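# Coordinates in review
Here are the chains, one letter per residue:
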Amino acid sequence: MATMDATDRAILDELRRDARISMTAIADAVHISRAGAHARIKRLTDAGVITGYTVRTDPVQLGHHASAYVMLAIEQATWQEVQARLRAIREVEHIALVGGDFDVILLVRADDARDLRRIVLEDIQAIPSIRSTRTTLIFEDFSRT
């Protein structure tokens, strides 16, 4: 998107706080008309800035008592295949292709330590083009929003 102003950013902040917020509440919060808020959100959506709306959940309340970041070293030419296989593992919440000591970082949510062990050793390490893994346990995590 070519230009986003302070009002566009304020609208996005409101939507990040509560994706169910009414158009009237957005308009009031950023001091524009309801029609103006609607037009801006449509423009942001059409431009691909807003890609969808979601629900945030508490992993512990969902029964995920073990979480970890799992770093992967992979054979570079196999990224598309690795990505597809990782997407099929339901406990993998986030996948990031990165630069540095590792190629991929995963956020994995598991029921418990035994389940986390299974996911890492049986599901992730079973992907042939993964050369090595390093797992870092998460004791507590927070979201900005």
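Look a little higher up for the structure.
What comes next is a walk through the structure. Here the residue numbering is sequential within each chain, running from 1 through the sequence in written order. pLDDT decides what is reported in this predicted model: residues at 70 or higher carry local features, side-chain atom pairs at 80 or more are listed and counted, and totals for whole chains, interfaces and linings draw on all residues regardless. For the side-chain quantities, the full set of heavy atoms in the structure was used; hydrogens and water were omitted.

Think of it this way: any DSSP run of H or I at least four residues long counts as a helix, any run of E at least two long counts as a strand, and we number them from the N terminus. The span expected for a helix works out to 1.5 Å for each residue beyond the first. Its 12 residues place the ends of helix 1 (residues 6-17) 17 Å apart at the C-alpha level, agreeing with the 16 Å of an ideal helix rising 1.5 Å per residue. Burial status follows relative accessibility: with a 1.4 Å probe on protein chains alone, a residue under 20% of its type maximum counts as buried, one over 50% as exposed, and anything between as partly exposed. Where helix 1 is concerned, the buried positions are Asp8, Ile11, Leu12, Glu14 and Leu15. Projected down its long axis, helix 1 carries its buried residues within an arc of 160°, all on one side. Turned more than 90 degrees from where helix 1 packs its buried face, Ala6 and Arg17 sit exposed. The contact criterion used throughout is that any non-hydrogen atoms of two residues lie within 4.5 Å. Buried residues belonging to helix 1 abut helix 2 (23-30) and helix 3 (34-46). In protein, a polar contact requires one atom able to donate a hydrogen and another able to accept it; more generally it is a pair of N or O atoms within 3.5 Å, and residues adjacent in sequence count only if both atoms are side-chain atoms. Its side-chain oxygen 3.1 Å from the backbone nitrogen of Thr7, Asp5 forms the N-cap of helix 1. Taking the helix axis as origin, the arc is that swept by the directions to the C-beta atoms.

Once that is clear, we can look at the pattern of salt bridges. When a carboxyl oxygen of Asp or Glu is within 4 Å of a side-chain nitrogen of Lys or Arg, the pair counts as a salt bridge. One pass over the structure, following the stated rule, counts 12 salt bridges. Residue Asp8 pairs with Arg43 through a salt bridge whose shortest N-O separation is 2.9 Å. With a gap of 35 residues between them, Asp8 in helix 1 and Arg43 in helix 3 connect regions that are remote in the sequence. Asp8 sits in the buried class, given a relative accessible area of 1%. Its relative accessible area of 34% is what places Arg43 among the partly exposed residues. For the salt bridge of Arg17 with Glu14, the shortest nitrogen-to-oxygen distance reads 2.7 Å. Within this pair, Arg17 and its partner Glu14 are both found in helix 1, separated by three residues, close to a single helical turn.

Axis angle and axis distance: for two packed helices, these are the angle between their axes and the distance between the axes, and together they describe the pair. In the contact formed by helix 1 and helix 2, the axes pass within 10 Å of each other and the chain directions differ by 130°. The orientation of helix 1 relative to helix 2 falls into the category oblique. Helix-helix and strand crossings are classified by hand; for helix 1 and helix 2 the assignment is right-handed. On helix 2, the residues that touch Thr7, Ala10, Ile11, Glu14 and Leu15 of helix 1 are Ile26, Ala29 and Val30. Amino acids outside the nonpolar list (Ala, Val, Leu, Ile, Met, Phe, Trp, Tyr, Cys, Pro) and the charged list (Asp, Glu, Lys, Arg) are all regarded as polar, and Gly is one of them. The residue makeup of the contact of helix 1 with helix 2, split by class, is six nonpolar, one polar and one charged. Interaxial angles span 0 to 180 degrees and are taken between N-to-C directions of axes, which are lines fitted to C-alpha atoms, for helices over the stretch in contact. For classification, angles of less than 35 degrees are called roughly parallel, those exceeding 145 degrees roughly antiparallel, those between 65 and 115 degrees roughly perpendicular, and all remaining angles oblique. Less than a right angle of anticlockwise turn of the near helix away from the far helix marks a crossing as left-handed, whereas a clockwise turn marks it as right-handed.

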